[in-house]
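Commentary on secondary and tertiary structure
In case you want the letters, here they are:
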Amino acid sequence: MRTLFKILGGLVLLLVVTIIVAPMLIDPNDYREEIQAVVKDKTGRDLSINGDLNLSIFPWVGVGINEVSLSNATGFNAEYFAEIQEANVKVKLLPLLSRQVEVSTVVLKGMRLNLAKDKRGKTNWEDMIQSSAEGDKKPSDTNADQASGAALGAIAIGGVQIVDASISWDDASKGESYNLTDLGLSTDALSLGSPMGVELAFTVESSKPKATIRLKLDGDVVINEGLNKFDFQDLALAIDAAGEPVPNGAMKVDIATHLVADLAKSGSLTLDPMTIKFDDSTLSGKASVNNFDKPAVTFDLAVDTINIDRYLPKTATEGSQSSAGNSASVPPPAAVALIPVQTVRDLNINGLFVVKSLIVNGLTAQEASVKVVAKNGVLNSQQSVKKFYNGSYDGKTTVDARQNTPRISVKEQVTGVDIEPLMVDLMGESKVSGVANIKAALTTRGNTVAAFKSALNGTAQFSFEDGTVKGIDVAALIKQGEAVLKGDVSALAAQGTGETAFANMSGTAQITNGLVNNQDLLMASPLINIKGAGTANLVSEVLDYRLTLQRTKALSEAEQADAEDLKNMLIPVNVSGTFAKPSIKVDTKAIVLETQKEKIEEKKTELKEKLDEKIGEKLKGPAGDLLKSLF
C-alpha cells in the first residue's frame, strides 16, 4: 500500500511539474509558420499573426491570439477578409478529469469582417466553402443534432464578450453597401434552462438608401436543452433610425415585450405582452405567428393615437395637401393589378386592431376598430368608427381571391356625418355640405380600376339635411328662366353665387355595370323644390341628368304682386358633359314650348281659320270641303 501511495504521489508530482514547466518549455509562437501553412493549404488564403500566441494550462487550459488577419479573395478591394485584435478562450483543467467542461468567458475584441460580392455575383468567401460544401452533402442526422444539444448542455460557459466588432457588406452587383459597426455583445454565464442576461448593441449604416440605424437590446433569455426554444424575458429593444427611408427623416422606437421563439417542428413566435412606443403613439397588446412555412397570424392590438399620414410616402402626403379640386393621392394606372391574388390566398390571419384617435388620408376619427379574418383565399374585414365627423361609420368588406378574378363586396353605412369638413380634409374642397346619412351595398370583380368600374353593381341610398350644394345656383337658374320668358335672352349669361341651400335632400341609386341610375332625387327648401333623374356613367365618366326646379314662394312683395311671376312654373335644367367638366344649362327650348303652349295653340287656330276662309273663297263645293278637312 505504501508503494502504491508513493507511485500516486510521484504521478501527482509529475503532473504538477508538467503544468508548471510546460508553458515555460512550449512556446506556441514557435508554431506560427506551421499554423499559417495549414491555413494556406486549406483555404488558399494568407494568415498573418502579428501579435503573440498565448498558452496556459493551469488552472485553465487556454489559448489566446492577438493581431491576427486573413487575406481577402483575389479581385476584391479590402486588403483583409477578417481581422481580430484579441481573442481568447479557456477551459478549466481539473473538471475535465470528471468529464465536465467549464469554459471561461469567451472574449473577442476588435473583429473586422469584410464581406463582398463583385459585379458578376461572386462572393469573397465562395473559395473557402467549396470544399466543405462537398462534405456537407450527407443527410442530416436528427439524433446527432439532439446529441449536440445535450452535449452543449453539459458545458458550462462563463459568458460571451464581443467588443468593438464590425461587419461590412459591399454588393457591387447592386451598388449597395452596408456597415455594421460598434457591435458589442455581453452575456451572463450560459446555463441551459436558466435565465441568462444579454446585452447587445450595434449600428447599421446603409449607402442605398442612405440611412443609419442604432439598435440596443437588453433582457434575459432562457434556452432549452434542445437549443430550439428561446424565451426572452423582460426584453427591451431601443431603435434610433435616421435617413431617407425613415418617415420625417428620423424616428425612435422603444419595444418592451416577452418574446418566445420556438424553432421546433414548424416553428412559432409569440409576443405577449407587447408595448411599442414611437413618436406620439403607444401600441400595446399581443401577437403570434405559428408555422413559419405557412404562417398563421393572430393579434389583438390597440394604439392610443396615430397619424398614419406621417408614415406614408411623400407623394401621397403632399397630395393630401394639394390645392382645391385635386385628389389626396394620385390614382394608380388603370392597368395596374390592385389586389395581390396569391398573397391573399396565402393569408391566414385573425386579428383585431383598435385605435383611440386616428388620422389617415387627412381624415380624423376616434374610437376606430378593424377586425380582420383571412383564410382559404377569402379576406373579410369589419371596420367601425364610433366618432366620425359628429357621426359614425360601419362597414364590411370581403375580398374573394379563390378564383383568378377577385370578387369584392362592400357594405357601408354613414350615420349623422358632417360631410363638408370630411370632404375638405379628404379632397381639399367640398361640393356639398350638410348632415349625411348614406348606405351602400356594392359588388364588383376584376383587378384593375377599369374592371372595378365596369363590373360595379349594387344599390345606394342617401339623405342630407340642412346643407348646400356648390356649383349649382338654383336661384340664379330660376331667374334666368323667368327672364327668358320675358324676352331677356341675355340673362342666360348671368352668373349666380354658385351654391344652393336646402333643408333636405334624398334619393336612391341603382348601379348596373358601372352605370349609376337615380330617378328620385328630391331637394326641398323653403323657397325652392328640386327633383332630379338621370344617369352617371362611371366607365366613360359622362353625365346625363335632368333637374326640375320649382319656386314654391315669391322672393319679394313685388314678385307676389307681379301677375307674370312664374314661381310655380317648372324650370328644366340639363346636366351633361363629364365628371371633370360638367355642363349645367337651363333648357330654354322646353321652357318656351311649355309656357307659350296656349299662345301657340291660339296662333294655330287663328291660322287655320284664315286658311279655311281663303280656301272657301277660292274653292267651293265638294272639292273645297275636302281640302278644308285636311287641315
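All figures in this text were calculated on a predicted structure; none of them were measured in a lab. (Residues numbered from 1 in each chain as written. Predicted model: local features only at pLDDT ≥ 70, side-chain atom pairs only at ≥ 80, totals over all residues. Heavy atoms only, no water.)

**Looking at the overall build of the chain**
Condition: For the purposes of this entry, the term helix denotes a DSSP run of H or I that reaches at least four residues, the term strand denotes a run of E that reaches at least two, and both are numbered from the N terminus. Relative accessibility decides the category of a residue: with a 1.4 Å probe and only protein chains considered, values under 20% of the type maximum give buried, values over 50% give exposed, and everything between is partly exposed. Computed with a 1.4 Å probe, the accessible areas rest on the Shrake-Rupley method; for each residue, only the protein chains presented here act as cover.
Within the chain, the regular secondary structure consists of 13 helices and 30 strands. The buried share among the 631 residues of the chain stands at 31%. For the chain, the accessible surface area stands at approximately 37,800 Å², while carbon and sulfur atoms represent 57% of it.

**Quick notes on the pattern of salt bridges**
What counts is decided by this rule: Any Lys or Arg side-chain nitrogen located within 4 Å of an Asp or Glu carboxyl oxygen qualifies as a salt bridge.
This structure, assessed with the given rule, holds 10 salt bridges. Two residues, Arg-112 and Asp-164, come together in a salt bridge whose shortest N-O distance is 3.1 Å. With Arg-112 in strand S7 (residues 112-117) and Asp-164 in strand S9 (residues 160-171), this residue pair connects regions lying 52 residues apart in the sequence. Owing to a relative accessible area of 39%, Asp-164 belongs among the partly exposed residues under this scheme. Note that Lys-453 is salt-bridged to Glu-541, the shortest N-O span being 3.3 Å.

**Some thoughts on the confidence of the model for the chain**
We apply this condition: For every residue, the predictor states its confidence as a pLDDT score lying anywhere from 0 to 100. We call two residues in contact when some of their heavy atoms are within 4.5 Å.
In this model, the chain carries a mean pLDDT of 81, and residues with pLDDT of at least 70 account for 72%. Across residues 4-22, where pLDDT falls below 50, the model places six contacts with residues more than four positions away in sequence or in other chains. Within the model, the stretch residues 316-330 combines pLDDT values under 50 with 14 contacts to residues more than four positions away or in other chains.

**Structural notes on the environment of Ile-129**
Mapped onto the elements, Ile-129 comes out in helix H3 (residues 126-135). The sequence separation of Ile-129 and Thr-43 amounts to 86 residues, and the corresponding C-alpha distance is 8.5 Å.

**Some thoughts on a negative patch on the surface**
Basically, it comes down to this: A patch consists of residues exposed above 30% relative accessible area that lack any salt bridge, with like charges linked at up to 9 Å and nonpolar side chains (Val, Leu, Ile, Met, Phe, Trp, Tyr) linked at up to 5 Å. Charged residues are defined narrowly, with Lys and Arg counted positive, Asp and Glu counted negative, and His plus the chain ends left uncounted. Here the site of a charge means atom NZ of a Lys, CZ of an Arg, CG of an Asp or CD of a Glu.
Among the surface-exposed residues, Asp-188, Glu-199, Asp-218, Asp-220 and Asp-234 lie close enough to one another that they form a single negatively charged patch. One can find Asp-220 in strand S12 (residues 210-223). Residue classification places Asp-220 among the partly exposed residues on the basis of a relative accessible area of 31%.

**Looking at the environment of Ile-528**
Examined against the element boundaries, Ile-528 turns out to sit in strand S27 (residues 528-537). A residue is classified by how much of its surface remains accessible, and Ile-528, at 12% relative accessible area, is buried. In this structure the C-alpha to C-alpha distance between Ile-528 and Arg-551, which are 23 residues apart in sequence, comes to 4.6 Å.

**Some points on helix H2 (residues 32-43)**
Put simply, the rule is: Expected span of a helix, by definition, is 1.5 Å for each gap between consecutive residues, and there is one gap fewer than residues.
The first and last C-alpha atoms of H2 sit 16 Å apart over 12 residues, in line with the 16 Å expected at 1.5 Å per residue. Directly after H2, the chain includes Gly-44, whose backbone phi takes a positive value near 75 degrees.

**Examining the packing of aromatic side chains**
Cut-off, in case you're wondering: Pairing of aromatic rings covers Phe, Tyr and the six-membered ring of Trp, with a centre-to-centre limit of 6.5 Å; geometry is then stacked below 30 degrees between planes, edge-to-face above 60, and tilted otherwise. A positively charged side chain is recorded as over a ring if its NZ (Lys) or CZ (Arg) lies within 6 Å of the ring centre. The angle to the ring normal must also be within 35 degrees.
Within the structure shown, the criterion is met by five aromatic pairs. Aromatic ring contacts, followed pair by pair, group Phe-388, Tyr-389 and Tyr-393 into a single cluster. Over the aromatic face of Phe-81 sits the side chain of Arg-45, whose NZ or CZ is 5.2 Å from the ring centroid.

**Quick look at the side chain of Asn-72**
Quick reminder of the rule: Polar contacts, as counted here, are pairs of nitrogen or oxygen atoms within 3.5 Å of one another; within protein the pair requires one atom able to donate a hydrogen and one able to accept it, and residues that are adjacent in sequence qualify only if both atoms are side-chain atoms.
Here Asn-72 lies in the loop between strand S3 (60-71) and strand S4 (80-92). In terms of polar contacts, Asn-72 uses its side chain to reach the backbone carbonyl oxygen of Ala-78, at 3.0 Å.

**Here's the deal with unusual backbone geometry**
If a residue is not glycine, its phi is most likely negative; likewise, a peptide bond is most likely trans. Note that the residue after Lys-208, namely Pro-209, is joined by a cis bond; omega there is 0 degrees. With an omega of 0 degrees, the peptide bond running from Asp-272 to Pro-273 counts as cis. By the secondary structure assignment, Pro-273 is in strand S15 (residues 268-278). Residues other than glycine seldom take positive phi values, yet Asn-376 does so here, at roughly 55 degrees. Within the fold, Asn-376 resides in the loop between strand S19 (363-375) and strand S20 (378-388). One non-glycine residue, Tyr-389, lies in positive phi territory at about 50 degrees. By the secondary structure assignment, Tyr-389 is in the loop between S20 and strand S21 (391-400).

**As for the environment of Tyr-545**
Looking at the secondary structure, you find Tyr-545 in strand S28 (residues 542-551). Judged by relative accessible area, which is 15%, Tyr-545 ranks as buried. If we ignore the near neighbours within four places in the chain, the residues touching Tyr-545 are Asn-518, Leu-521, Gly-532, Ala-533, Gly-534, Thr-535, Val-573, Asn-574 and Val-575. Within the local environment of Tyr-545, its side chain forms a polar contact with the backbone nitrogen of Ala-533, the two atoms lying 3.5 Å apart.

**Quick look at the nonpolar core**
Here is the rule: In these notes, a set of buried Ala, Val, Leu, Ile, Met, Phe, Trp, Tyr and Cys residues joined through side-chain atoms within 4.5 Å is what counts as a nonpolar core.
Counting 47 residues, the largest nonpolar core has Ile-276, Phe-278 and Phe-388 as the members making the most contacts within it. The leading source of residues in this core is strand S14 (residues 250-262), at five residues. Among the nonpolar cores identified, the runner-up in size contains 22 residues, and Ile-419, Met-523, Ile-528 and Ile-571 belong to it.

**A look at the pairing of strand S23 (residues 435-445)**
Put simply, side chains in a regular strand alternate between the two faces of the sheet. Quick note on the threshold: Pairing between two strands requires that DSSP report at least two bridges joining them.
Examined bridge by bridge, strand S22 (residues 407-418) and S23 share 10 bridges and lie antiparallel to one another. From the neighbouring strand, Glu-412 faces S23, where its bridge partner is Ala-440. Strand direction decides the pairing type here: S23 and strand S24 (residues 457-470), joined by nine bridges, are antiparallel. Opposite Thr-443, over in S24, you have Asn-457 as the bridge partner.

**A closer look at the side chain of Asn-124**
With respect to the element layout, Asn-124 can be found in the loop between S7 and H3. We classify Asn-124 as buried; its relative accessible area is 0%. Setting aside chain neighbours within four positions, we find Asn-124 in contact with Arg-45, Asn-72, Ala-73, Phe-76, Phe-81, Asn-114, Leu-115 and Ala-116.

**Concerning the pairing of S28**
Burial along S28 is one-sided: the face carrying Leu-543, Tyr-545, Leu-547, Leu-549 and Arg-551 is buried and the face carrying Val-542, Asp-544, Arg-546, Thr-548 and Gln-550 is not. As paired elements, S27 and S28 share 10 bridges and run antiparallel to each other. If you follow Gly-534 over to S28, its bridge partner there is Tyr-545. Here S27 folds back onto S28 in antiparallel fashion, the turn holding four residues, of which Glu-541 has a positive phi close to 60 degrees.

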